[in-house]
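Results of the structural survey
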Amino acid sequence: MIFDSLNIAASSLRTQQKAIDVVSHNIANVNTPGYSRQAGNMVTSTPGQAGVLNFGRGVEMQSVQRMINPVISQAQINNGTQLSYWTSMNSGLSSVENVFGSLQSTGLASALDDFFISWKQLANNPQDNGQRVNVRAKSSSLVTSLNNMHAQLQTVQANTDSNIDQAITSANLLLNDIAKLSTEIARQEAGRPGGAGAANDLRDQREQAVRNLAKLIPVQNVATGDASFMLQTQNGDLLTQDGVANQLARGAAVGGGFSSVVMAGSGSPALSASQGGQIGGLLDLRDNKIGNYIQQVDSIAANLIFSVNQVHASSSGSVNHVTLTGEQSSRVALPLDDVTQIAPFAANIQSGSFNIHVYDAAGAAVVPGGTAVAITAGVTSMNDVATALNAVAGITSTVDATGRLTINAVAGQSFALAGDTSNFLAAYEINNFFQGGGAGSLGLSAAIQTSVNGINTGQTDPLTSVNQAGDSRSALAILALQDAPLSVDGTSSLSLHNRTTSLSVQYGTDVSTSKQQNDYRTVEATSIETQRQAISGVNVDEELISMIKFQRAYEASAKIITTTNQMLDSLLGLIR
Amino acid sequence: MRISTSMLYNNLLTGINKQQNIQNLGNAKVASGTRFQTPAEAGLDYKVSLDLRHSQLNVQSSIDAIATVESRLGMSQTLLNDMSNVMRRAQAVAVQQSSAQISNAERQAGLQEMTHLANQFLSDSNQQWQGQALFAGTAVDKQAFTDDGLGNISYTGSAQDRIVSVSANQQLVSNIRGDNPAFAAAFTALQGFKTALATNDVAAMQSSLGALSSAGNGMIDLTADAGARLNAVQVSKVSFEDMKLNLDQRLNTHEAVDVAAVVAELQQSSIALQAAYSQVAQVKSLSLINFLR
């Protein structure tokens with residue numbers, strides 16, 4: 001029986017040593033992300049029976065358990081998905097902050113104001129070429145501002161798209177890790193039911209990997225009933241099960257020319273932009289937020305270009321034209337407003353006419369009142385226009401290989417264009433002020449870039465064909481566009497200033513919403529992490545106390561061995 | 001609740017981050033003097049700032065436009081005043097010359113003066129201001145009146161006024177046009193009197209008196225019209241200057257930061273930050289490790 005004490009003390013030594021190993025492991029991993037504190041589950045050894053008495057046989061370590069709460073773990077996964085979505089959104093929106101200006105430099109808003117004020121100054125002094133120089137300078141500044149906004153937004157959009165690639169790569173690596181960990185866990189736990197051989201650290205690693213994956217793409221853990229581990233997208237596509245990992249990939253191009261994110265095998269959409277996760281946030285940022293800003297900037301540019309050109313194309317300047325070439329090409333034989341025409345505003349052409357006034361060398365009108373050139377929507381082609389112009393005395397007209405119309409006055413004569421009710425001149429950028437169809441392609445007309453004399457301020461008299469140097473009617477009409485509601489592209493009718501400020505407000509609201517949500521999700525993350533730490537976190541003081549407790553038990557067990565040894569000595573001494 | 005070691009440090013770190021954020025924002029506000037700088041900080045407030053600045057620029061451009069009108073009308077008024085003086089002198093000469101006591105030689109001297117006066121009137125009528133004809137309407141690059149050499153003066157300007165846009169709803173005529181009947185009446189009266197002098201026709205001279213007087217009144221009326229328009233423009237200018245002042249004040253009130261409030265917040269945050277720093281040091285020393293040596 002005396003040996004039983006030795007065996008019991010030995011079992012205690014072994015068990016306390018193992019318990020101290022667990023404490024040591026906890027302290028070692030006090031700062032390891034995703035680590036769940038472990039505790040040895042000590043149980044009494046199976047008792048022995050001596051006669052009618054049951055005698056304990058010591059202690060043994062039945063299992064080592066992780067301290068976890070699955071509800072909190074799931075909450076962390078959900079929170080991680082939402083937090084990453086709003087973090088990527090907020091950080092992406094912050095990266096375009098400079099595009100929208102600041103009070104120090106209000107960007108597009110002040111460029112637009114300066115543009116219209118320069119027209120006001122020209123309208124009030126139309127004979128002053130210095131004012132024309134000023135209009136050209138302010139217009140160039142506005143063009144640069146819109147071009148830069150467009151380019152910067154497009155750059156950020158492209159960078160966001162690249163970030164999606166990186167996130168997909170990270171997600172695929174995590175999926176591989178999870179699959180490998182699942183295989184390893186299954187191998188380690190095989191044949192050890194009841195948690196006795198639970199692969200605690202590997203499970204922690206897998207949960208951490210799942211949390212990291214959930215930050216990239218929304219996932220759902222599916223209970224299989226056979227203890228296997230299955231992870232799906234929110235759309236129900238299998239991401240990983242046990243040792244199998246299905247990869248994410250790029251799909252076909254969606255709106256804006258960028259591609260979606262799909263499951264590599266099936267090609268089905270892996271997620272939508274609104275579902276969350278970093279990839280969802282980047283998709284939303286790329287397609288909806290920045291994509292929308294680009295559309296709005298394009299819309300501002302389109303309304304500016306066409307509205308100004310509508311006025312300018314029917315106007316006269318300080319000198320009459322000797323030659324004019326359209327800046328938009330055409331499919332010469334097709335109707336000017338055909339849907340296949342390349343000119344961005346071809347669809348705005350309607351039935352109407354424009355007048356061409358021809359002047360002799362002395363500047364007198366050849367035909368007072370000019371000659372009308374009729375345009376019929378759906379019928380008149382660029383070739384028809386050239387033919388009609390060639391029938392006007394003193395005018396020759398040609399269409400080049402790209403479908404651009406050129407109008408020439410015969411030697412010694414000149415001409416002016418006026419009264420375009422068809423929008424033909426504005427749509428094909430003849431006698432235009434701006435060129436292009438959106439913020440990216442916006443530019444000043446080639447003629448105005450060459451000479452400020454190309455800036456028109458007045459209107460040719462429809463009866464006498466006379467142009468007056470001090471006539472400012474066209475300049476005033478362009479100035480009137482400043483606060484006029486415009487909608488040449490089918491968007492809501494708003495003034496250019498309102499469009500610009502609305503864009504700033506929308507951006508500000510988007511940032512504010514993303515910041516608010518990001519703050520809320522961060523606080524939520526802190527709270528959930530606190531709850532997780534309360535259960536799974538390591539408290540060094542607690543571990544040290546446990547260590548002392550196990551150390552004391554170890555010392556006591558050792559004392560039993562010493563005492564038992566002494567008892568054996570005593571016993572053996574009787575024999576000697 | 002069970003506390004883990006990480007929780008102690010995480011909570012302090014969160015607090016420090018929060019206070020540092022308050023310090024950073026407060027410093028930016030104090031440095032810029034404004035409550036916000038970008039649309040990201042305050043979307044709607046930023047829009048109001050853009051609207052106010054938009055209005056400010058427009059009001060300033062309206063004041064500039066009014067200055068243009070003032071300048072043109074002022075110069076026109078000066079010349080019309082000079083033309084009225086010419087007409088007054090012509091009337092005085094007419095009164096003097098229509099006397100039966102005046103000799104032919106004296107009338108020839110009077111004719112010379114009248115020729116000078118008529119030339120002066122024509123010169124005033126064709127006067128340019130900043131290289132632009134004042135009385136030619138929008139045909140600013142042309143002479144307002146031409147003389148056919150026979151003493152017949154005709155208007156060669158345009159029938160269109162020079163419009164100045166002051167604001168979206170206010171456009172002002174900035175010129176006096178030469179096709180106003182007062183000019184034609186003055187030229188006709190001056191020419192009629194010159195002819196009467198040249199032909200020593202006393203009866204015609206006496207009848208010219210009435211025409212000169214009527215034409216002179218016409219020029220005075222035109223001068224008064226220019227003056228009245230100038231006065232109206234100046235009233236409008238005062239109104240725009242008041243608007244400008246108002247907008248300046250509104251913009252300042254809208255954007256300016258409440259420095260006292262921000263400084264108080266900074267001070268409070270600074271105390272909290274110091275306390276958090278001190279607590280980090282204390283948590284470090286409050287560990288069982290320190291008592292197990």
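See the structure printed just above.
Right, let's walk through the structure included here. What you are looking at is a predicted structure, and each value in this text was computed from that prediction instead of being measured.

As a further point, take the overall build of chain B. Counting secondary structure elements, chain B contains six helices and six strands. The C-alpha extent of chain B, read off along each of the three principal axes, is 140 × 30 × 25 Å. Among the 293 residues that make up chain B, the fraction classed as buried is 41%. Of the contacts formed within chain B by residues at least 6 apart in sequence, a portion of 69% connects residues at least 24 apart.

We now examine the nonpolar core. Formed by 84 residues in total, the largest nonpolar core has its most connected members in A:Leu146, A:Leu304, A:Phe424, A:Tyr428, A:Phe433 and A:Phe434. Top element by residues in this core is helix H6 (residues 277-313) of chain A. It accounts for 14 residues. Once residues within four sequence positions are removed from consideration, A:Phe424 is found in contact with A:Leu336, A:Ile349, A:Phe354, A:Ile375, A:Met382, A:Val385, A:Leu405 and A:Ile430. Membership of the second largest hydrophobic core comes to 50 residues, among which are B:Leu73, B:Phe121, B:Val164 and B:Leu251.

Moving on, we come to a nonpolar patch on the surface. Residues B:Met1, B:Ile3, B:Leu8, B:Tyr9 and B:Val280 make up a contiguous nonpolar surface patch of about 460 Å² in total accessible area. B:Ile3 gets classed as partly exposed once you look at its relative accessible area, which sits at 35%.

Once that is clear, we can look at the sheet that holds strand S12 (residues 352-359) of chain A. All names here are of chain A. A sheet is described by the order of its strands in space; here three strands give the open sequence S13-S12-S16, paired in antiparallel fashion. Each having just a single partner strand, strand S13 (371-375) and strand S16 (414-418) make up the two edges of the open sheet. Across the sheet, the mean angle separating the axes of adjacent strands is 25 degrees when strand polarity is ignored. Pairing geometry for S12 and S16, over five bridges, is antiparallel. Bridging from a neighbouring strand, His357 pairs with Ala416 of S16.

Here we come to the packing of helix H2 (residues 70-94) of chain A against helix H11 (residues 496-536) of chain A. All names here are of chain A. Interhelical geometry of H2 versus H11 gives an angle of 150 degrees and a closest axis separation of 8 Å. Put simply, H2 runs roughly antiparallel to H11. Where H2 crosses over H11, the handedness of that crossing is left-handed. Grouping the constituent residues of the contact of H2 with H11 by class yields eleven nonpolar, twelve polar and six charged.

Residue and element names in this part refer to chain A. Counting buried residues in strand S6 (residues 229-233) gives five out of five residues, a clear majority hidden from the surface. A two-sided burial pattern is seen for S6, the buried positions comprising Phe229, Leu231 and Thr233 on one face and Met230 and Gln232 on the other. With five bridges connecting them, strand S5 (residues 219-223) and S6 associate as antiparallel partners. Its bridge partner being in S6, Ala223 is matched across the sheet by Phe229. Pairing of S6 with strand S7 (residues 238-241), which is carried by three bridges, proceeds in the antiparallel orientation. Opposite Gln232, over in S7, you have Leu238 as the bridge partner. Linking two consecutive strands that pair antiparallel, namely S6 and S7, is a turn of four residues; a positive phi of about 95 degrees is found at Gly236 within it.

Residue and element names in this part refer to chain A. Within the open sheet, the three strands sit side by side as S11-S15-S14. Their pairing is antiparallel. The open sheet terminates on both sides in strands that have one partner only, identified here as strand S11 (323-325) and strand S14 (395-399). Sheet twist, expressed as the mean angle between neighbouring strand axes with direction ignored, is 10 degrees. In this sheet, strand S15 (residues 405-409) lies alongside S14 in antiparallel orientation, the contact comprising five bridges. In the sheet register, Ile395 faces S15, and the bridge partner there is Ala409.

Along an α-helix, a turn takes 3.6 residues, which lines up residues three or four apart on a common side. The end-to-end C-alpha distance of helix H5 (residues 202-255) of chain B, which contains 54 residues, comes to 78 Å, matching closely the 80 Å that a straight helix rising 1.5 Å per residue would cover. The distance from a side-chain oxygen at the start of H5(B) to the backbone nitrogen of B:Ala203 is 3.2 Å, and the residue carrying that oxygen is B:Asp201.

Our focus in this paragraph is the interface of chain A and chain B. If you look at the interface, chain A gives 51 residues, while chain B gives 51 residues. Counting the surface lost from both chain A and chain B, the interface buries some 4200 Å², and carbon and sulfur atoms represent 55% of this. Broken down residue by residue, the surface that chain A buries against chain B is led by A:Leu103, A:Lys120 and A:Asn124, which jointly contribute 17%. The interface formed by chain A and chain B contains one salt bridge. With its nearest N and O atoms 2.7 Å apart, the salt bridge here joins B:Arg2 to A:Glu542. Seen at the junction of chain A and chain B, the total is 30 residue pairs in polar contact (both at pLDDT 80 or more). Elements with a minimum of two residues in the side of chain A that touches chain B: helix H3 (108-124), helix H10 (473-479), H11 and helix H12 (540-575) of chain A. Looking at the side of chain A that touches chain B element by element, the count peaks at 13 residues for H11(A). Looking at side-chain class alone, the side of chain A that touches chain B contains 19 nonpolar, 22 polar and ten charged residues.

Now for the side chain of B:Gln37. Examined against the element boundaries, B:Gln37 turns out to sit in the loop between helix H1 (5-32) and helix H2 (43-97). Note on B:Gln37: relative accessible area 14%, which makes it buried. A polar contact of 3.2 Å, which involves the side chain of B:Gln37, links it to the side chain of A:Gln104. Engagement of the side chain of B:Gln37 in a polar contact is seen with the side chain of B:Thr34, the distance being 2.8 Å.

Time to look at empty space enclosed by the protein. Unfilled space is identified by rolling a water-sized probe across the atoms. What the rule picks out here adds up to two cavities of 30 Å³ or more. The volume enclosed by the largest cavity comes to roughly 70 Å³. Considering the residues around the largest cavity, the lining is formed by 13 residues, among which A:Phe100, A:Leu108, A:Met149, A:Thr500 and A:Ser504 are closest to the centre. Looking at the lining of the largest cavity, the elements that each hand over two or more residues are H3 and H11 of chain A together with H2 of chain B. The dominant element in the lining of the largest cavity, judged by the number of residues it contributes, is H11(A), at three residues. Reported here for the second largest cavity is a volume of approximately 30 Å³. Along its surface, the second largest cavity is lined by A:Ser315, A:Ser316, A:Gly317, A:Val319, A:Asn320, A:His321, A:Ala416, A:Leu417 and A:Asn456. Looking at the lining of the second largest cavity residue by residue, the class counts come to three nonpolar, six polar and no charged.

What counts, and at which threshold
- Counting restarts for each chain, with residues numbered from 1 along the sequence as it is written.
- Following the order in which they are written, the chains are lettered starting with A and the ligands numbered starting with 1.
- Only residues with pLDDT of at least 70 are given local features in this predicted model, and only at 80 or more are side-chain atom pairs given and counted; all residues enter the totals for whole chains, interfaces and linings.
- The basis for every side-chain value is the complete set of non-hydrogen atoms in the structure, without hydrogens or water.
- The numbering of helices and of strands both runs from the N terminus, where a helix is a DSSP run of H or I of at least 4 residues and a strand a run of E of at least 2.
- Partly exposed describes any residue whose relative accessible area lies between the buried limit of under 20% and the exposed limit of over 50%, with all areas from a 1.4 Å probe on protein chains only and scaled to the type maximum.
- By definition, residues are in contact when any of their heavy atoms lie within 4.5 Å.
- Residues belong to a common nonpolar core when they are buried Ala, Val, Leu, Ile, Met, Phe, Trp, Tyr or Cys residues joined through side-chain atoms within 4.5 Å.
- Patch rule: a residue counts if its relative accessible area is over 30% and it has no salt bridge; like charges are joined within 9 Å, and nonpolar side chains (Val, Leu, Ile, Met, Phe, Trp, Tyr) within 5 Å.
- Residue burial considers only the protein chains on display, and all accessible areas are found by Shrake-Rupley using a 1.4 Å probe.
- When a carboxyl oxygen of Asp or Glu is within 4 Å of a side-chain nitrogen of Lys or Arg, the pair counts as a salt bridge.
- At least two DSSP bridges between two strands are needed for those strands to be called paired.
- A fitted line through C-alpha atoms represents every axis, and for helices the fit uses only the stretch in contact; the resulting angles, taken between N-to-C directions, go from 0 to 180 degrees.
- Every angle not falling under 35 degrees, over 145, or within 65 to 115 is termed oblique; those three ranges are roughly parallel, roughly antiparallel and roughly perpendicular.
- Definitions for this section: a left-handed crossing has its near helix turned counterclockwise from the far helix by less than a right angle. A right-handed crossing has that turn clockwise.
- Classification convention: Asp, Glu, Lys, Arg as charged; Ala, Val, Leu, Ile, Met, Phe, Trp, Tyr, Cys, Pro as nonpolar; all other residues, Gly among them, as polar.
- The span you would expect from a helix comes to 1.5 Å times its residue count less one.
- Think of a polar contact as two N or O atoms within 3.5 Å of one another; within protein, one of them needs to be a possible hydrogen donor and the other a possible acceptor, and neighboring residues in sequence only count if both atoms come from side chains.
- Here the quantity called buried area is the accessible surface, traced with a 1.4 Å probe, that two parts lose on coming together, added over both.
- A cavity, in this analysis, means grid points on a 1 Å lattice covering only the protein atoms where a 1.4 Å probe fits yet has no way out; a pocket is instead an open set bounded by protein on both sides within 12 Å along at least five of seven lines, and a residue lines either one if it has an atom within 4 Å of a point.
- Grid points are joined across faces, edges and corners, and a volume is the space filled by probe spheres set on the points.

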